[in-house]
Amino acid sequence: MTTPRGTLYLIPVGLSDAPWQSVLPAEVQSQAGALRHFVVENAKTARAHLKHLEVSGPLRELQLQELPEAPTPAALDDLLAPIFAGHDLGLMSDAGCPAVADPGALLVARAHHHQIPVRPLVGPSSILLALMGSGLNGQSFSFHGYLPVGEQERSKTLRALEDDSRRHARTQIFIETPYRNARMLEALLATCQPGTRLCVARDLTSSEEWIHTQSIAAWRKSPSPDLARRPALFLLLAS
């Protein structure tokens, strides 16, 4: 007799320390509490998220396996082993929605390879929240993750993104390591055209949330926002 397979649940987590009830449906908390097997980026962070979700029962009894940086198909199959044994498995990111700008997509792809049921649950995505709040084009957009760190290469990339945005009316979205946020803003103001609109979205879903969109020309005249060591996204739309 063949053992029925479990389901891969994609468990979103919060972006800040806001109460989980303000950013997640009750079904996420209920489903996370029913799972005993998880694949996570970092076990310590995942336990903190589960504690924040007020998951009942001893967290030490949960099986949390960390996703390798460059997993082989065999390694991914090992992570999916609980599903083959008939257990449901949860995939969690360090923040927001798993598998969106997140290495967990590799595990989801492997699950589809084995025809394993995949169920994404509703939760906050910093990319979509920033786009929603920006007032920029939500019909055509592209997320680029981190841009080059080197000054010349970063400026070249920004000019290319701005040109693509102008030609296709496409919103360009990217992030930076928090301690380099101020330098990214300086690069944007030095590189982009005055009429290009720039949105900075900081501390999403927290009590310090701040989203502001204006032209590069207006940004150059405005006081610099406090971005030091605070999670932020940058969005631009050229005209």
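Refer to the preceding data block for the structure.
Residues numbered from 1 in each chain as written. Predicted model: local features only at pLDDT ≥ 70, side-chain atom pairs only at ≥ 80, totals over all residues. Heavy atoms only, no water.

A.B. asks: Help me understand the sheet that holds strand 2 (residues 37–40) in this model?
C.D. replies: Two modes of strand pairing occur in sheets, parallel and antiparallel, and in both the strands are linked by backbone hydrogen bonds. Judged by pairing direction, the sheet is parallel, and its five strands sit side by side in the order 3-2-4-1-5 without closing on themselves. Each edge of the open sheet carries a strand with a single partner, namely strand 3 (63–66) and strand 5 (118–120). Along the sheet, successive strands turn relative to each other by an average axial angle of 25°, direction set aside. Strand contacts of helix 1 (residues 26–34): strand 1 (8–11), strand 2 and strand 5, with the helix running at about 130° to strand 1, the strand carrying the most contacts. Lying over the sheet, helix 5 (residues 105–113) contacts strand 1, strand 2, strand 4 (89–92) and strand 5, oriented at roughly 160° with respect to strand 1. (Pairing = 2+ DSSP bridges. Helix = DSSP H or I, 4+ residues; strand = E, 2+ residues; numbered from the N terminus. Axes fitted to C-alpha atoms, helices over the stretch in contact; angles between N-to-C directions. Contact = heavy atoms within 4.5 Å.)

A.B. asks: What exactly am I supposed to notice about helix 8 (residues 181–191) here?
C.D. replies: Structurally, the α-helix is built with 3.6 residues per turn, so residues lying three or four positions apart point the same way. Residues of helix 8 that are buried: N181, M184, L185, A187, L188, L189 and T191. Tucked into the core, helix 8 has its buried residues touching helix 7 (151–168), strand 7 (171–175), strand 8 (197–202), helix 9 (216–221) and strand 10 (232–237). (Buried < 20%, exposed > 50% of the residue type's maximum accessible area, 1.4 Å probe, protein only.)

A.B. asks: What am I meant to see in empty space enclosed by the protein here?
C.D. replies: Summed over all chains, the structure comprises one cavity of 30 Å³ or more. Every residue along the wall of the largest cavity is listed here: V13, G14, A18, W20, V23, L24, H49, H52 and L53. (1 Å grid on protein atoms, 1.4 Å probe; cavity = no way out; pocket = protein on both sides within 12 Å on 5 of 7 lines; lining within 4 Å. Points joined across faces, edges and corners; volume = space filled by probe spheres on them.)

A.B. asks: For this particular structure, what's the right way to read the sheet that holds strand 6 (residues 141–146)?
C.D. replies: Sheet architecture is open: five strands sit in the order 6-7-10-8-9, paired in mixed fashion. The open sheet has two edge strands with one neighbour each: strand 6 and strand 9 (210–215). This sheet shows a mean twist of 15° between the axes of neighbouring strands, independent of strand direction. Where strand 7 meets strand 10, four bridges bridge the pair, whose relative direction is antiparallel. Following the sheet pairing, I173 is matched in strand 10 by L235.

A.B. asks: Please explain the nonpolar core as it appears in this structure.
C.D. replies: Nonpolar side chains in soluble globular proteins tend to be buried together. Formed by 20 residues in total, the largest nonpolar core has its most connected members in I11, F38, L50, L64 and M92. The set of elements that each furnish at least two residues to this core consists of strand 1, helix 1, strand 2 and helix 2 (43–52). Broken down by element, this core gets its largest block of residues, three residues, from helix 2. Not counting residues within four places of it along the chain, the set of residues in contact with M92 comprises I11, V13, F38, V39, V40, E41, A46, H49, L50 and P98. Grouped together as the second largest cluster of nonpolar side chains are 17 residues, M184, A187, L227 and L236 included. (Core = buried A, V, L, I, M, F, W, Y, C linked by side-chain atoms within 4.5 Å.)

A.B. asks: Can you walk me through the pattern of salt bridges in this structure?
C.D. replies: Two side chains that carry opposite charge are able to pair once their charged atoms sit near each other. Taken as a whole, this structure holds eleven salt bridges when the rule is applied. A salt bridge links R170 to D164, with the nearest nitrogen and oxygen atoms 2.7 Å apart. With a shortest N-O distance of 2.8 Å, D203 and R230 are connected by a salt bridge. Of the two residues, D203 sits in the loop between strand 8 and strand 9 while R230 sits in the loop between helix 9 and strand 10, which places them 27 residues apart along the sequence. When salt bridges that share partners are traced, they join R202, D203, E208, D226 and R230 into one network. (Salt bridge = Lys/Arg side-chain N within 4 Å of Asp/Glu carboxyl O.)

A.B. asks: Is there a simple way to think about a nonpolar patch on the surface in this case?
C.D. replies: Side chains of L128, M132 and F141 sit close together on the surface and give an oily, nonpolar patch of about 330 Å² of accessible area. Among the structural elements, L128 can be located in helix 6 (residues 126–134). Here L128 falls in the partly exposed class, since its relative accessible area comes to 44%. (Patch = residues over 30% accessible without salt bridge, like charges linked within 9 Å, V, L, I, M, F, W, Y side chains within 5 Å. Areas by Shrake-Rupley, 256 points an atom, 1.4 Å probe, with all protein chains shown as cover.)

The values are spatial; any link to function lies outside them.
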